[in-house]
Amino acid sequence: MFSSLRIRNYRLFFAGQVVSNTGTWMQRIAQDWLVLSLTGSATAVGVTTALQFLPMLLFGLYGGVLVDRLPKRRTLLFTQSAMAVTGLALAALTLTGHVQVWHVYLAAFLAGLATVVDNPARQSFVSEMVGPAQLQNAVSLNSANFQSARLVGPAVAGLMITDVGTGWAFLFNGLSFLAPITGLLLMRARELHVVDRAPRGKGQLREGLRYVAGRPELIWTITLVGFIGTFGFNFPVYLSAFADDVFHAGAGSYSLFNTLMAVGSLAGALLAARRGTARMRILIAAAMTFGALEAVAALAPSLWLFALLMAPIGMFGMTVNVTANTSVQMATDPAMRGRVMALYMMVFMGGSPVGAPIAGWITDTYGVRAGLAVGGAISVLAAAGIGLALARVGGLRLSVGWNGGHPHVRFVPRTRQEEPVPA
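What comes next is a walk through the structure. Not measured: the values here are computed from a predicted model.

Rules used in this analysis
- Residues numbered from 1 in each chain as written.
- Predicted model: local features only at pLDDT ≥ 70, side-chain atom pairs only at ≥ 80, totals over all residues.
- Heavy atoms only, no water.
- Helix = DSSP H or I, 4+ residues; strand = E, 2+ residues; numbered from the N terminus.
- Buried < 20%, exposed > 50% of the residue type's maximum accessible area, 1.4 Å probe, protein only.
- Contact = heavy atoms within 4.5 Å.
- Areas by Shrake-Rupley, 256 points an atom, 1.4 Å probe, with all protein chains shown as cover.
- Salt bridge = Lys/Arg side-chain N within 4 Å of Asp/Glu carboxyl O.
- Patch = residues over 30% accessible without salt bridge, like charges linked within 9 Å, V, L, I, M, F, W, Y side chains within 5 Å.
- Phe/Tyr/Trp six-rings, centres within 6.5 Å; stacked < 30°, edge-to-face > 60°.
- Lys NZ or Arg CZ within 6 Å of the ring centre and 35° of its normal.
- Axes fitted to C-alpha atoms, helices over the stretch in contact; angles between N-to-C directions.
- Parallel < 35°, antiparallel > 145°, perpendicular 65-115°, else oblique.
- Left-handed = near helix turned anticlockwise from the far one by under 90°.
- 1 Å grid on protein atoms, 1.4 Å probe; cavity = no way out; pocket = protein on both sides within 12 Å on 5 of 7 lines; lining within 4 Å.
- Points joined across faces, edges and corners; volume = space filled by probe spheres on them.
- Nonpolar A, V, L, I, M, F, W, Y, C, P; charged D, E, K, R; others polar.
- Core = buried A, V, L, I, M, F, W, Y, C linked by side-chain atoms within 4.5 Å.
- Polar contact = N/O pair within 3.5 Å; in protein donor to acceptor, adjacent residues only side chain to side chain.

Time to look at the overall build of the chain. Counting its secondary structure elements, the chain contains 16 helices and 2 strands. Each of the 423 residues in the chain was classed as buried or not, and the buried ones make up 53%. Here the analysis covers contacts within the chain between residues at least 6 apart in sequence; of these, 83% occur between residues at least 24 apart. When the accessible surface of the chain is summed, it comes to about 18100 Å², and 66% of that surface belongs to carbon and sulfur atoms.

Let us look at the pattern of salt bridges. Counted according to the given criterion, the structure contains 4 salt bridges. For D118, the salt bridge is made with R122, and the minimal N-O distance between the two is 2.6 Å. With D118 and R122 both in helix 4 (residues 101-130), this residue pair falls 4 residues apart, about one helical turn.

A contiguous nonpolar patch, built from L57, L58, F59, Y62, W102, L106, L110, L113, V354 and I358 and spanning about 910 Å² of accessible area, is present on the exposed surface. Among the elements of the structure, helix 2 (42-69), helix 4 and helix 15 (352-366) are those that each provide at least two residues to the nonpolar patch. Mapped onto the elements, L106 comes out in helix 4.

As a further point, take the packing of aromatic side chains. Given two aromatic rings, one states the distance between the centres and the angle between the planes to describe the pair. For the structure shown, the criterion picks out 13 aromatic pairs. Seen from their ring centres, Y10 and F14 are 6.0 Å apart, and the 50 degrees between their planes marks the pair as tilted. Taken as a pair, Y10 and F14 lie in helix 1 (residues 8-39) at a separation of 4 residues, close to a single helical turn. Since its relative accessible area comes to 0%, Y10 is described here as buried. Exposure remark for F14: the relative accessible area of 19% places this residue in the buried category. When the ring centre of W25 is taken as reference, the NZ or CZ atom of R28 above it lies at 4.9 Å. The ring centre of Y211 lies 3.8 Å from the NZ or CZ of R215, which sits over that ring.

Where helix 9 (residues 216-232) meets helix 13 (residues 303-330), the axes come as close as 10 Å, and the angle between the chain directions of the two elements is 155 degrees. In terms of orientation, helix 9 lies roughly antiparallel with respect to helix 13. Between helix 9 and helix 13 lies a crossing of left-handed hand. When helix 9 is examined against helix 13, the residues L218, T221, I222 and V225 are found in contact with a partner set consisting of A324, S327 and V328.

Moving on, we get to the layout of surface pockets. Any empty space left between atoms is shown by rolling a water-sized probe over those atoms. Considering only enclosed or pocket space, the second largest pocket measures out at about 160 Å³ in volume. Residue lining of the second largest pocket: 12 residues in total, with P71, K72, R73, E128 and L192 positioned closest to the centre. Where the lining of the second largest pocket is concerned, the elements lending two or more residues are helix 3 (72-95) and helix 4. If you tally residues by element for the lining of the second largest pocket, the top one is helix 3, at 3 residues. Looking at the lining of the second largest pocket, its residues break down into 7 nonpolar, no polar and 5 charged.

Next up on the list: the nonpolar core. By size, the foremost hydrophobic cluster in this structure holds 75 residues, and its most contacted members are L224, L239, F257, F306, M310, I313 and Y344. The element contributing the most residues to this core is helix 13, with 9 residues. Discounting residues that sit within four places of it in the chain, M310 has contacts with L239, F257, L260, M261 and A297. Core analysis: the next-biggest nonpolar cluster, separate from the first, contains 22 residues, L76, A121, L184 and M187 among them.

Before going further, it helps to spend a moment on the side chain of T230. Tracing the sequence through the fold places T230 in helix 9. Owing to a relative accessible area of 11%, T230 belongs among the buried residues under this scheme. A polar contact of 2.8 Å, which involves the side chain of T230, links it to the backbone oxygen of G226.

To continue, consider the environment of N325. Relative to the elements of secondary structure, N325 occurs in helix 13. Those residues in contact with N325 that lie beyond four places of it in its chain are Q123, V139, M341 and Y344.

What follows deals with the environment of S253. Summarising the element assignment, S253 is placed in helix 11 (residues 251-275). Separated by 98 residues in sequence, S253 and A155 place their C-alpha atoms 10.0 Å apart. If near-sequence neighbours (up to four positions away) are discounted, S253 is found in contact with A243 and L303.

In structure tokens:
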């Protein structure tokens, strides 16, 4: 389960990300709560999330082109430093009592600009640290790392918000970037599995899109991730509204929801690291279960039942994330990985500028229960449709029967007589 941690460069990267990810989760919780406190509007929280991910939607593909051209370690040193500055600036404004909503909007947008390059660089740099043999394990451990920080970050943020205010959470986040920057500086360059960088030239963006479009296992996986990211993962909008409007609880309950979801997400990431394979049937089944659980949570009558459902939602959501990420990286040529992962992250994270305001509008107009239920239903339908499309491309059909007195559903190869006749 932890085999890639034997590699020194990856250990340094992993340790730095634990600290930085903790700060990132603290800032996310503090940011959402600050906006809700300043405006009283779930739509405003959705706008903040949208601005944070809008740069990925607008410029994500160009970020991938840059990552394929630039040395990834030096690129990460720049992007991590830029995100540290935005955190420290927001901390200064909040602690001095001068913060306004537009300051939070601007900080979210600037952090999103750095993420345009930082995300594909971090994703593709993993293969340079560990090599192809340990790639899947390292990708899963990265997700476990992120979710471990998610366990600590929201809990600490909730305490800070209650006791000393949101500004200190922003300050911790700004300072936390010292850890990954130090780790990058201490790495041994000679031990990296360096990939030849793409030369500067015309048509590289179109080349990356053609590469993905010609591979069904990539295009359909990325499409599914787009639906889930746009409509299913709007938790900053949903959870803050459930805590404040439905259950009339405070920041502590909002933090509890995030923490329990992180427990499930961590379990999902560790199970993916242990599993060692990224199968499409696992991806489709996890996506359908994730959406169904969201719909069930939307109807939860009590705070504690809703909170308990956060753990399995987190587990299946993380299974979708890790399985999709790993399958895309394993199926991609190293020279194209920056562009492909940029497209992947653009679709996954860039869907938030579309989905978050919609989720906020549904929440303000029809109630948060309706918003969460709609997100879950769309996730189920997308997973079912894409599962059938992948089965058709792979020459499979759905087989339903009974085995030992229990229903048995699986995809099996088509017989020659069942193959569709070409038009």
